[in-house]
Amino acid sequence: GVLGAGVCWGAVALLGCRADVLESSMAAFVADPESVRFGPTGLSQKRVATLMLQNEGRAPFRVLSATSSLPGVVDLETFEPFELVATARRELRVALTPWVEGEIAGLLRVETDTSSAGEDGEAQIPFFGTGVKTYITVEPALIDFGSVEIGSVRMAQIRVKNPTSAEAPYRVDLDGV
């Protein structure tokens, strides 16, 4: 009786020490997506992307900081250190504001207290975007209604076109004499 229980208890303890069991009880940092792709963005316009940080392990870990390799161009909207318990997730909002035309690439560095994030607990998440000079075209540039009697209506159409690869916000002002 007593010896049999001791042998059974010892077998359970050995199973609990297997490498795969130990690994599954650790924290598991995951960033989704693995890289942030902003796409074409108009100069001095802000485009926001979402980065989801997840803990797919069983042990909690802390996210201590998140910084950009290109501050002032790519930044986090807000950041306060936080803890991710098992299966938890937290959204980070990352903003790109290009100031010059051309390709933009860098790293978002996320510092944690878990080695599952990367060397020294730091995850390096690449980001990519393109600064684009945006503009619109308006056709026709001038509309002449000629003489219009008071109380009558004349209508005309204009075509506003964005020939660039990024969003081009615009405002229409109509002036008449």
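Above this note sits the structure.
Described below are features of the structure shown in this document. (Residues numbered from 1 in each chain as written. Predicted model: local features only at pLDDT ≥ 70, side-chain atom pairs only at ≥ 80, totals over all residues. Heavy atoms only, no water.)

## Concerning the pairing of strand β4 (residues 61-68)
Item 1. Direction of pairing for β4 relative to strand β6 (residues 82-84): antiparallel, over a ladder of three bridges. Bridge assignment links valine 63 to a residue of β6, and that residue is phenylalanine 82.
Item 2. Bridge count between β4 and strand β8 (residues 102-112): five bridges; the pairing is antiparallel. Of the residues in β8, the one forming a bridge with serine 68 is leucine 108. (Pairing = 2+ DSSP bridges. Helix = DSSP H or I, 4+ residues; strand = E, 2+ residues; numbered from the N terminus.)

## Looking at the environment of serine 69
Item 1. For serine 69, the position within the fold is in the loop between β4 and β5 (74-76).
Item 2. Under the relative-accessibility criterion, serine 69 is labelled partly exposed at 29%.
Item 3. Through-space distance from the C-alpha of serine 69 to that of alanine 105 is 9.0 Å; in sequence the pair is 36 residues apart.
Item 4. With residues near it in sequence (within four places) discarded, serine 69 still touches Gly106, Leu107, Arg109 and Phe127.
Item 5. Among the polar contacts made by the side chain of serine 69, one reaches the main-chain amide nitrogen of leucine 107 at a distance of 2.8 Å. (Buried < 20%, exposed > 50% of the residue type's maximum accessible area, 1.4 Å probe, protein only. Contact = heavy atoms within 4.5 Å. Polar contact = N/O pair within 3.5 Å; in protein donor to acceptor, adjacent residues only side chain to side chain.)

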